[in-house]
Every structure is written in structure tokens, then in C-alpha cells.
Amino acid sequence: MGTVVDGSAAAEFHAFFERHYAELSRLAVLLTGEADTADDLAADALLALWHRWDRVRAADRPAAYARGVVANLARTRIRSAVRERRRIALFWSQREERAENPDVAGVVDVREALRRLPFRKRACVVLRHAFDLSEKDTALALGVSVGTVKSQTSKGMAELQRLLGTSTPEAPRRVHAAHAAWGEAALGGDR
């Protein structure tokens, strides 16, 4: 059963898609740490929005709603990946071969550090510092309270600073710069 919409709704959705697809894809990359699946997550989110477009277009902040859909899809993807990694770890733990001294990188870049944060902290840090959303907009996107956003952002930034070995003002700039650099690379240098 397909979604039936009029021509103006289809045109509105097309404009929304063109305006927000790249941003949603970058959000998915920063939340999951997986560039390969980011486009799929953004496309899945936009497909879900299309199926509810009559409600989404009437919303106060359709872009915030879209970010929330991406965040939920990313959370589901991460949970699925964690379950898969646990199954793989269980299989490999039964083997006798183990690495004694794994090679650990000397420098941790922003994406690697973000990947190490728990999902909610990562989402709050990314939305607040990479996408420059207000605490209220971040709360709307994630479906949490403003207090939760404040708490998780603060804790996430502290952990990120520790992982990156940077000062308090430096970490938000590095997160924002990583987002901007990703956007430049994803758009082929045209912004």
C-alpha cells in the first residue's frame, strides 16, 4: 500500500530531501562512525518521513524530526552491530590464539574518539557541537529532556577531551572542524 500525496506535497518533500539529505548523512556518519552505512541510514530516514509526510510537513520543526529519525536508526544500527560483535567475540574467544600486544594507534582523531563515546553522549556532542543545535533542538531530535542534553553533552565533552588530550575550548572546535571537513569531502569540496 503506497503513500498517496498531492503534487505540492511531493514537491515539498523533494525540496526537503535536497536541502537536508547531505546533513542527515553527515549526522549518521558521526553517530555511527561508519561512512559506508550513513547514506543508507539517511535514505531510510527520508523514506520513513515520506510515508508520514502529511504529518511531518505540518510539524513545527521537520528537520529536527528528521534528525530524530536518523538518531533512532543509528541507535538501532549500533545495537545490532554490538550484538553481532558479541557473537563474533564469543566465537573467537573459544579459540586459543590471542594477540598479546595489540598495536594501538598513537594518535586518536575526532571520529575515533567519538566512536568510543556511548551513543547518547555521542549524539548530544555531535548535535550540539558539530551541528550547532541548541539544547532544546537537540532534546527534540533525541526525544530526551533539555537537562539530559546538558548532562550528556557535559559528560561526553569531558570524556572526549580526555580521549583527545585537549583543553576545554579546543575539543568543541575539533568536533566542529571534523564535521566541516567531512562535509567538504562528502560534497567534493563544494559547500
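Nothing here was measured: the structure is a model prediction, and the numbers come from that model. (Residues numbered from 1 in each chain as written. Predicted model: local features only at pLDDT ≥ 70, side-chain atom pairs only at ≥ 80, totals over all residues. Heavy atoms only, no water.)

Description of the overall build of the protein
To keep it simple, the criterion reads: Secondary structure elements are taken from DSSP: a helix is a run of H or I of four residues or more, a strand is a run of E of two residues or more, and numbering for both begins at the N terminus. Only protein chains enter the area calculation, which uses a 1.4 Å probe; residues under 20% of their type maximum are buried, those over 50% are exposed, and those in between are partly exposed. By the convention used here, residues are in contact when the closest approach between their heavy atoms is within 4.5 Å. Accessible areas in this description were obtained via Shrake-Rupley with a 1.4 Å probe; residue shielding takes into account the shown protein chains only.
Looking only at helices and strands, one finds 9 helices and 0 strands in the protein. Going from the N terminus to the C terminus, the protein shows its helices and strands as α-α-α-α-α-α-α-α-α. In the protein, which comprises 191 residues, the proportion classed as buried is 40%. Nonlocal contacts in the protein, meaning residues at least 24 apart in sequence, comprise 70% of its contacts between residues at least 6 apart. Counting every atom, the protein has about 11,200 Å² of accessible surface; 51% of that belongs to carbon and sulfur.

Quick notes on the layout of surface pockets
Gaps left between atoms show up when a probe the size of a water molecule is rolled over them. To be explicit about the condition: The definitions used throughout rest on a 1 Å grid laid over the protein atoms alone, on which a cavity is an enclosed set of points accommodating a 1.4 Å probe that cannot get out and a pocket is an open set flanked by protein within 12 Å on both sides along at least five of seven lines; lining residues are those having an atom within 4 Å of a point. Grid points are joined across faces, edges and corners, and a volume is the space filled by probe spheres set on the points. Residues are grouped as follows: Ala, Val, Leu, Ile, Met, Phe, Trp, Tyr, Cys and Pro are nonpolar; Asp, Glu, Lys and Arg are charged; all remaining types, including Gly, are polar.
Each pocket or cavity is described by its volume, and for the largest pocket that value is around 160 Å³. Lining the largest pocket we find Thr32, Glu34, Arg77, Ile78, Ala81, Val82, Arg85, Arg115, Leu117, Pro118, Phe119 and Arg122. Listing elements by their share of the lining of the largest pocket, those giving two or more residues are helix 4 (62–93) and helix 6 (119–130). It is helix 4 that provides the largest number of residues to the lining of the largest pocket, a total of 5 residues. Of the residues belonging to the lining of the largest pocket, the class tally is 6 nonpolar, 1 polar and 5 charged.

So, the packing of helix 6 against helix 8 (residues 146–164)
Relative orientation and spacing of two packed helices are given, respectively, by the angle between their axes and the distance between those axes. For clarity, the threshold we go by: Lines are fitted to the C-alpha atoms to define the axes, a helix being fitted only along its stretch in contact, and any angle between axes, read from their N-to-C directions, falls within 0 to 180 degrees. Convention used here: angles under 35 degrees read as roughly parallel, angles over 145 as roughly antiparallel, angles from 65 to 115 as roughly perpendicular, and any remaining angle as oblique.
With their axes 8 Å apart at the nearest point, helix 6 and helix 8 run at an angle of 95° to one another. Relative to helix 8, helix 6 is oriented roughly perpendicular. The residues of helix 8 that touch helix 6, namely those facing Arg120, Lys121, Cys124, Val125, Arg128 and His129, are Thr148, Val149, Gln152, Thr153, Lys155, Gly156, Met157, Glu159 and Leu160. Considering only residue class, the contact of helix 6 with helix 8 consists of 5 nonpolar, 5 polar and 5 charged.

Geometric descriptors of this kind do not, in isolation, establish any biological role.
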